[in-house]
Amino acid sequence: MSERSPQKTRTRNPEQTRARLLQATIDLVAEKGAGALSLKEAARVANVSRGVAYQHFEDRDHLLREAQASLSERLAESMAGELHPDTMEDRVYQVARLVLNNREASRILIADALAGKNLTKDHPLYRLLTDALEQFRASGSARQDMDLEILSSILVGVVTSIVMLSYQVNSDVDTVAQRFTDEWTGILREGIFVKHPAA
């Protein structure tokens, strides 16, 4: 009689399965947009059955909300790990690195912001921007009458440019962050127009 090889038993790890579904959702939304997301497609990408996906999430909207919450937590954790830099250049550099290291998260959160969703004052991205502006104003290097609400919205556009840049420039994070920092701080200090001497 030949001995049968022992059958492999599948080890179930609900936390790992949930994390795979959330990551699959993040990847799908980053690639195709939220409109293309379905629970079935997320399950396929995560390599789990649709039934297993429904054990973790009620429906597509529940999955999307949880993925966005996961992104917010990830961004908040990244922010907590950042140093509190002293100079404007250091602040810009740290923000650029944070966005570049969390490109997919930033991209999805920006898409929501542009659609008028989920960028409340307690949102990690909004907090990051307003904290940076408040620190800049407190340093004495910025105008004291800055409208933080308007400037935070302007900076969402700046963050968008960092995300776009990360898809176009084939360089490491530190190099792209430094190039962005050099140009953006130059614009903040000197503007973009040539200064002609007074006649």
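Values in this document were obtained by computation on a predicted structure and should not be read as measured data. (Residues numbered from 1 in each chain as written. Predicted model: local features only at pLDDT ≥ 70, side-chain atom pairs only at ≥ 80, totals over all residues. Heavy atoms only, no water.)

Peer 1: So what's going on with the packing of helix H8 (residues 148-168) against helix H9 (residues 173-190)? Which residues, and what values?
Peer 2: In helix packing, the relevant descriptors are the interaxial angle and the interaxial distance, both defined with respect to the helix axes. Taken N-terminus to C-terminus, the directions of H8 and H9 make an angle of 140°; their axes are 11 Å apart at the nearest point. In terms of orientation, H8 and H9 fall into the oblique class. Relative to H9, the crossing made by H8 is right-handed. Counting all contacts with H8, which are made through Leu155, Val158, Ser161, Ile162 and Leu165, the residues of H9 involved are Val176, Phe180 and Trp184. Taken together, the residues of the contact of H8 with H9 sort by class into seven nonpolar, one polar and no charged. (Axes fitted to C-alpha atoms, helices over the stretch in contact; angles between N-to-C directions. Helix = DSSP H or I, 4+ residues; strand = E, 2+ residues; numbered from the N terminus. Parallel < 35°, antiparallel > 145°, perpendicular 65-115°, else oblique. Left-handed = near helix turned anticlockwise from the far one by under 90°. Contact = heavy atoms within 4.5 Å. Nonpolar A, V, L, I, M, F, W, Y, C, P; charged D, E, K, R; others polar.)

Peer 1: Please provide a residue-by-residue account of the confidence of the model for the chain, values included.
Peer 2: Looking at the chain as a whole, its pLDDT mean stands at 79, while 80% of the residues score no less than 70. The model gives residues 5-11 a pLDDT under 50, and that stretch makes zero contacts with residues more than four places away or in other chains. (pLDDT = per-residue confidence, 0-100.)

Peer 1: Describe the environment of Glu66, and please don't skip the residues or the numbers.
Peer 2: Relative to the elements of secondary structure, Glu66 occurs in helix H4 (residues 60-81). The class for Glu66 is partly exposed, based on a relative accessible area of 26%. Residues Glu66 and Thr25 lie 41 residues apart in sequence; the distance between their C-alpha atoms is 9.5 Å. When near neighbours in sequence (up to four residues on either side) are disregarded, Glu66 contacts Arg18, Leu22 and Phe57. (Buried < 20%, exposed > 50% of the residue type's maximum accessible area, 1.4 Å probe, protein only.)

Peer 1: Hey, could you go over the packing of aromatic side chains for me, with residue numbers and the actual values?
Peer 2: Using the criterion set out here, one finds one aromatic pair in the structure. Aromatic side chains Phe180 and Trp184 sit 6.5 Å apart centroid to centroid with 20° between the ring planes, which places their arrangement in the stacked category. Taken together, the residues span about one helical turn, with Phe180 and Trp184 both in helix H9 at a distance of four residues. An identical accessibility class is assigned to Phe180 and Trp184; each is buried. (Phe/Tyr/Trp six-rings, centres within 6.5 Å; stacked < 30°, edge-to-face > 60°.)

Peer 1: So what's going on with unusual backbone geometry? Which residues, and what values?
Peer 2: The backbone of Asn47 sits at a positive phi, close to 65°, despite the residue not being glycine. Within the element layout of this structure, Asn47 appears in the loop between helix H2 (39-46) and helix H3 (50-56). Judged by relative accessible area, Asn47 falls into the exposed class, the value being 67%.

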